[in-house]
Amino acid sequence: MASASSLLSEEQFLCSICLDVFTDPITTPCGHNYCKACITHYWDTNAVCQCPLCQRIFHKRPDVFVNTFISEMVDQFRKSKQVKIPSNTNQEPAKPDEVSCDVCTEIKLKAVKSCLGCLTSYCETHLEPHQRVIALKRHKLIDPVANLEDIMCKKHDRPLELFCKTDHTCVCQFCTELDHKLHQIVPLKEAYEGKKAELGKTEAEVQQMIQERQLKIQEVLCSVELSKKDADREIADSVQVFTSLISSIERSQAELIDVIEKKQKIAEKQADGFIKELEWEITELKKRSSELKQLTHTEDHLQFLQNFTIINTPSPSKDWTKVNVHQSLYVGTVRTAVARLAKTLSKEMEKLCDAELRRIQQYAVDVTLDPNTAKFKLILSKDGKQVYCGDTKQNLQDNTERFSRSTCVLGKQSFSSGRYYYEVQVTGKNVWDIGVARESINRKLKIQLCPKEGYWTIWLRNGNEYKALTSPSALLHVRERLHKVGVFVDYEEGLVSFYDVETRVHLYSFTGCNFTEKLYPYFGPGNNQGGKNSAPLIISPINHTD
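If you're wondering where the values come from, they're calculated on a predicted model, not measured in any experiment.

Visitor: Sorry, what's going on with helix H2 (residues 36-44) here?
Guide: For an α-helix the count is 3.6 residues per turn, leaving residues at separations of three or four pointing the same way. Within H2, the full set of buried residues consists of Cys38, Ile39 and Trp43. Buried residues of H2 fall within an arc of 125 degrees about the axis and therefore sit on the same side. In H2, the exposed positions that point more than 90 degrees away from the buried face belong to Ala37 and Asp44. On its buried side, H2 packs onto strand S1 (25-27) and strand S2 (33-35).

Shown next, in the form of C-alpha cells:
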C-alpha cells in the first residue's frame, strides 16, 4: 500500500498565507488550514477576524490548536522530500563564510537563492519546488542572504524594497501607505546608486584625509629631525661657549693666584733680607758683648782705660722698631680679576645675544596698524606703519574694537600659534608702550598694562625710565637710549621677549605665559605732550644683516 506522502502533492501541504509547507498547522472552524504563526499574525494585523480563503467572519476570535493529524502528515512529507547530495551533482557543502541551505539536514549545501516569501535560503535541489509549483513561483527570489529577517519589515512582515529619503530608512510597501505616506519614497536600487555615489565621494574624501595625515606625519617627522639638528647644534654651541667661559674662569683664577703668589714671594724675600741683616747684627753684638765682658775683668788700670774708649764706642745700628715686613691685603686684586672676567662674560653674552637675535629674525612677519582699534587722537600713516598722537580728537566711529580711554592701537594681524617677530623704531620719543595683547582685553576702560589684564609689554617714561610691566614692574638697565625694539613671541612656549636691536642686547622676557586666545601686536605712542613726544612709533622692516 502506498504511503500518504506518495499519494498527496506538495501543494496540499502549503499554507495559503506564507505559501510554504505548513509549520504547526491549525484548522479554522470553517475547515481551512494555516500555519499557526501565519493566521495569528493575520488576525493581529486586521480589524476583522475572518478566514483569508472563504472570508467567513468570526465574531469571536477562535482558539487555535495544532492539528496533530495534519502536522504528522507534514512531517512525513518533509522526510520524504529530504535528499542527500547526489553523486552526479555539482553542489558543494557551504563554507563557513557562505550562506547555507536552511532545508538541508545532514550536509548543509551552499544556498543559491533566498526566498523573500518563505524567508528561507535554498540549495539548488531544495529550490526546485519554487520553479515548479505555481504558488511558489510567485515568491520573489534573491541572491543568498544570511539573515533574511533583517531584510523584512518587522512591522508588516514584508520585504524592505523601498527607501524613505525623508526618514533615511528602508521600508516595505505597506509602510509607504501608512507611516510614510507623505514621505519621499524611492526604489532601493535608486537609493543604493545615490548612496553608493555619495559613499564614493566620502571614500575619496577619506583617502584625501589619509593622504593629508600621512603628509602631516612626514612633516612632523621632518620637523622632529630639524628640531634634533637644531638641538644638536645648540648643544655643540653651548658646549663651546661654556668651555670657553670655563677656560676664561680658570685662566682668570690662575692669573689671580699667580699675582697673589708673586706678592707673597716678594714679602718672603724681603723678610729673608731682614732676617739675614738682623742675624749679622746679632753676631756683631754678641762679639761686642764678649769684649765688654773681658774688659770688665781687667785689673790693669792703664789697659782698661786704653781699651775702654775703643770698645765703648757705639757701633752703627739700624732702628728696627720702624721696620716691618709689608703684609699684602690684596685689596682690589680679586675684584680686578672678577671685573676682567665680567668683561669677558659680557663680550660672550653680546655674541650670544647677537646670534639669538639673528635666529629669531627669521620669524619676521609683516605687521600693520588697525585703524579700527586706534584711540580718537591717534594719527596713522596710510601704509599703516606709523602712529603718533595728535592734538585734537578725530571724528571716528566708536566701534567695539576701538580703545576709548587709552592712547594705543593694535596690529591688524592676530596670532594663535607659532612664532613671530617684528621691530619698532622709538627714536625721539619720551613715552611709549610696546608689546602684545590678548583679544579679549577691555578697550573701553582705562587699561592696566600687566599680564593678568592680558598685556605683555615694556615701556619708556620720562625719557629715561625703562620698565617691563610685570607685577610688580621690573626696571630695565639700559646702557644707551633705545632707538629700535625687537619683539619676539613663541605662542606654544608662552614666551614674549624684547631686544635692543642696535646693540643686539636682550632686554627682558616674559616666560611661562599661558596663551589661550589670539594675540595682537600692541602699540602705545603716548600723548603728544605739547610736541615733546610727537615723534611716531614706526614698524620697521627687518634688516637681517644688522
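Visitor: What's the story with the pattern of salt bridges in this structure? I'm lost.
Guide: Scanning the model with the defined rule gives 18 salt bridges in all. Residue Asp44 pairs with Arg61 through a salt bridge whose shortest N-O separation is 2.9 Å. A residue pair is termed long-range when its members are at least 10 positions apart, and Asp44 in helix H2 and Arg61 in the loop between H2 and helix H3 (68-81) qualify at 17 residues. A salt bridge links Glu465 to Lys467; the nearest nitrogen and oxygen atoms lie 3.8 Å apart. Residue classification places Glu465 among the partly exposed positions, given a relative accessible area of 26%. One continuous salt-bridge network, built from bridges that share partners, spans Asp354, Arg358 and Arg504.

Visitor: Is there a simple way to explain the environment of Ser473 in this structure?
Guide: With respect to the helices and strands, Ser473 occurs in the loop between strand S15 (465-468) and strand S16 (474-475). Take Ser473: its relative accessible area is 35%, and that puts it in the partly exposed class. Residues Ser473 and Lys216, spaced 257 residues apart in sequence, show a C-alpha to C-alpha distance of 43 Å. Beyond its immediate stretch of four places on either side in the chain, Ser473 contacts Lys467 and Ala468.

Visitor: Just checking my understanding: could you explain the side chain of Asp490 for this structure?
Guide: Tracing the sequence through the fold places Asp490 in strand S17 (residues 484-490). For Asp490, a relative accessible area of 6% corresponds to the buried category. Non-local contacts of Asp490, meaning those with residues more than four positions away in its chain, are made with Gly418, Arg419, Leu495 and Phe515.

Visitor: What am I meant to see in the sheet that holds S17 here?
Guide: Pairing between the strands of a sheet comes from backbone hydrogen bonds, and it takes one of two forms, parallel or antiparallel. Within the open sheet, the seven strands sit side by side as S9-S10-S21-S12-S17-S18-S19. Their pairing is antiparallel. The sheet is open, and its two edges are formed by strand S9 (378-380) and strand S19 (505-510), each paired on a single side. Strand-to-strand, the axes of this sheet are offset by a mean angle of 20 degrees, without reference to chain direction. Pairing of strand S12 (residues 419-425) with strand S21 (residues 537-540), which is carried by three bridges, proceeds in the antiparallel orientation. Residue pairing across strands places Glu423 opposite Ser540, the latter belonging to S21. With respect to the sheet, helix H9 (residues 333-360) is in contact with S12, S17, strand S18 (495-500) and S19, its orientation differing from that of S18 by roughly 120 degrees.

Visitor: When you look at the state of the cysteines in this model, what are you seeing that I'm missing?
Guide: Simply put, disulfide is the name for a covalent bond between the sulfur atoms of two cysteines. Throughout the structure, instances matching the rule amount to zero disulfides. Of all cysteine sulfurs in the structure, the one in Cys51 sits closest to Cys30, which takes part in no disulfide; the separation is 3.5 Å. According to the relative accessible area criterion, Cys30 is partly exposed, its value standing at 22%.

Visitor: Honestly, H9 in this entry has me stumped. Any pointers?
Guide: With 28 residues, H9 ought to run about 40 Å at 1.5 Å a step, and its terminal C-alpha atoms sit 40 Å apart, in line with that. Among the residues of H9, those classed as buried are Thr333, Ala337, Leu341, Glu348, Cys353, Leu357 and Ile360.

Visitor: Help me understand the sheet that holds S16 in this model?
Guide: Pairing within the open sheet is antiparallel, and its six strands lie in the order S11-S20-S13-S14-S15-S16. Whereas interior strands pair on both sides, the edge strands pair on one side only; in this sheet they are strand S11 (409-410) and S16. Bridge count for S15 against S16 is two bridges, and the pairing is antiparallel. Paired with Lys467 across the strands is Leu475, a residue of S16.

Visitor: So what exactly am I meant to see when it comes to unusual backbone geometry here?
Guide: Glycine aside, negative phi is the norm for most residues, and most peptide bonds take the trans geometry. Residue Pro472 follows Ser471 across a cis peptide bond; omega there is 0 degrees. In this fold, Pro472 is placed in the loop between S15 and S16.

Visitor: Help me understand the nonpolar core, please; the structure alone is not making it clear to me.
Guide: One broad rule of soluble globular proteins: the nonpolar side chains tend to lie buried together. Formed by 36 residues in total, the largest nonpolar core has its most connected members in Trp432 and Phe523. When neighbours within four sequence positions are excluded, Trp432 is seen to be in contact with Val426, Ile458, Trp459, Leu460, Arg461, Tyr466, Leu482, Val485, Gly524 and Leu537. Phe13, Cys15, Phe22 and Phe77 belong to the second-largest nonpolar core, a separate cluster that totals 23 residues.

Conventions we followed
Residues numbered from 1 in each chain as written. Predicted model: local features only at pLDDT ≥ 70, side-chain atom pairs only at ≥ 80, totals over all residues. Heavy atoms only, no water. Buried < 20%, exposed > 50% of the residue type's maximum accessible area, 1.4 Å probe, protein only. Helix = DSSP H or I, 4+ residues; strand = E, 2+ residues; numbered from the N terminus. Arc of directions from axis to C-beta. Contact = heavy atoms within 4.5 Å. Salt bridge = Lys/Arg side-chain N within 4 Å of Asp/Glu carboxyl O. Pairing = 2+ DSSP bridges. Axes fitted to C-alpha atoms, helices over the stretch in contact; angles between N-to-C directions. Disulfide = S-S within 2.5 Å. Expected span 1.5 Å × (residues − 1). Core = buried A, V, L, I, M, F, W, Y, C linked by side-chain atoms within 4.5 Å.

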